[in-house]
Amino acid sequence: MDLRELVSALNDFASPSLAESWDNVGLLVEPSPPHTVNTLLLTNDLTEEVMEEAVQKAADLILSYHPPIFTPLKRVTWKTWKERLVVRALEHRIGIYSPHTAYDAIPHGVNNWLTKGLGGCTSVPLHPSTAPSYPAEGTHRVEFCTDTEHLEVVLSKIKDIQEISCLTTFPARVEGEEQTRVTLNCSQKALLEVVALLSQNSLLYHKTEILLLQKPLLPHTGMGRLCTLSEPVSLSNIMERIKSHLKLPHIRIAVGMGKTLESPVKKAALCAGSGSSVLKGTEADLYLTGEMSHHDVLDAVANGISVILCEHSNTERGFLSELRDMLATHLQNKINIIVSEKDRDPLQVA
């Protein structure tokens, strides 16, 4: 497949617009076009060892769940390992694509895969995603009525305000008088200027309505998951299920205040990777994530919530096998998709 065609298909699989605002997703390194992709390598972390594997296996594109370029690079030299990744990628004409939190949010993504470690359950996003393209522009809608005498003056002043869109006018009858109804969409910043303008005319201002434009929630899409188990299960049983699902010999456990390993778990909140900010404040019997700060663990335990930590990438990496199969179907088996054999969590239990 042509790289640009493949990137378009990957964006259809999980829209980059679903990623968190702080994230850096999409195509990060692009060889000069045209660039044909025959082999796609999937990895959780793009390390130098994984890059060497990509070179040896003649990969044309690396899909790295974590973006190897996150903070801006001021130069591309051989000095630091992330700069060397870019150099090696371009030397060997290998593209780099990262989905990261877009894959966290989608219904068929990383967090959905992690819920399978709990056993039978139903789940909903902890922080639902909103539709990315509706409404198209503006955060507020302003509507007001004015007579013909003031219409042209008001419209000319409004058109001088930045960040206003969807400005429309249509005839209206108000209290038996022929008037014009004006509607417009605007940003939060522009709203202040619009209100200041309209407030100069008290009659105009008193006929003004301001509506907050809220984007609809996307079903089953968003950060984290709150899972309700089909049947309550002891904490010790849940621990074994999770170890089995993640293929880990050891996990870390903090037992909630007043709880034991035999205490039942009915509701579990989870977030792949580093979940403190997503899980915080959620009422549940259990928090499941890769890593949390010491003080966030203390807070959870004091509130009677047990915490299971599995190390950051251990809660993500196992998804790659499912992803390989889903992408093969999505891409109609047009390319060879392989999962890295060198990718691993940097932390080991000694």
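Keep in mind the model is a prediction, meaning the values are calculated, not measured.

### What about the domain arrangement of the protein?
Moving on, step 1. When its domains are assigned, the protein resolves into domain 1 (3–104 + 316–339), domain 2 (110–129 + 220–309) and domain 3 (140–212).
Moving on, step 2. For domain 1 versus domain 2, the separation of C-alpha centres amounts to 29 Å.
Moving on, step 3. Across the contact, 10 residues belong to domain 1 and 11 residues belong to domain 2.
Moving on, step 4. Between domain 1 and domain 2, the buried area comes to about 930 Å², and carbon and sulfur atoms account for 61% of it.
Moving on, step 5. At the surface where domain 1 touches domain 2, the tally comes to one salt bridge.
Moving on, step 6. We note a salt bridge from Glu-322 to Lys-116, for which the minimum N-O separation is 2.8 Å.
Moving on, step 7. Between the two partners, domain 1 and domain 2, sit three residue pairs in polar contact (both at pLDDT 80 or more).

### Thoughts on unusual backbone geometry
Moving on, step 1. Cis peptide bonds are those with omega within 30 degrees of zero, and the linkage from Pro-33 to Pro-34 qualifies with 0°.
Moving on, step 2. We note that His-100 has phi near 40°; this positive angle belongs to a residue other than glycine.
Moving on, step 3. For His-100, the location among the structural elements is in the loop between strand E4 (95–98) and helix H4 (101–105).
Moving on, step 4. Residues other than glycine seldom take positive phi values, yet Cys-166 does so here, at roughly 55°.

About the criteria used
Residues numbered from 1 in each chain as written. Predicted model: local features only at pLDDT ≥ 70, side-chain atom pairs only at ≥ 80, totals over all residues. Heavy atoms only, no water. Domains from an automatic or database assignment. Contact = heavy atoms within 4.5 Å. Buried area = accessible area lost by both parts, 1.4 Å probe. Salt bridge = Lys/Arg side-chain N within 4 Å of Asp/Glu carboxyl O. Polar contact = N/O pair within 3.5 Å; in protein donor to acceptor, adjacent residues only side chain to side chain. Helix = DSSP H or I, 4+ residues; strand = E, 2+ residues; numbered from the N terminus.

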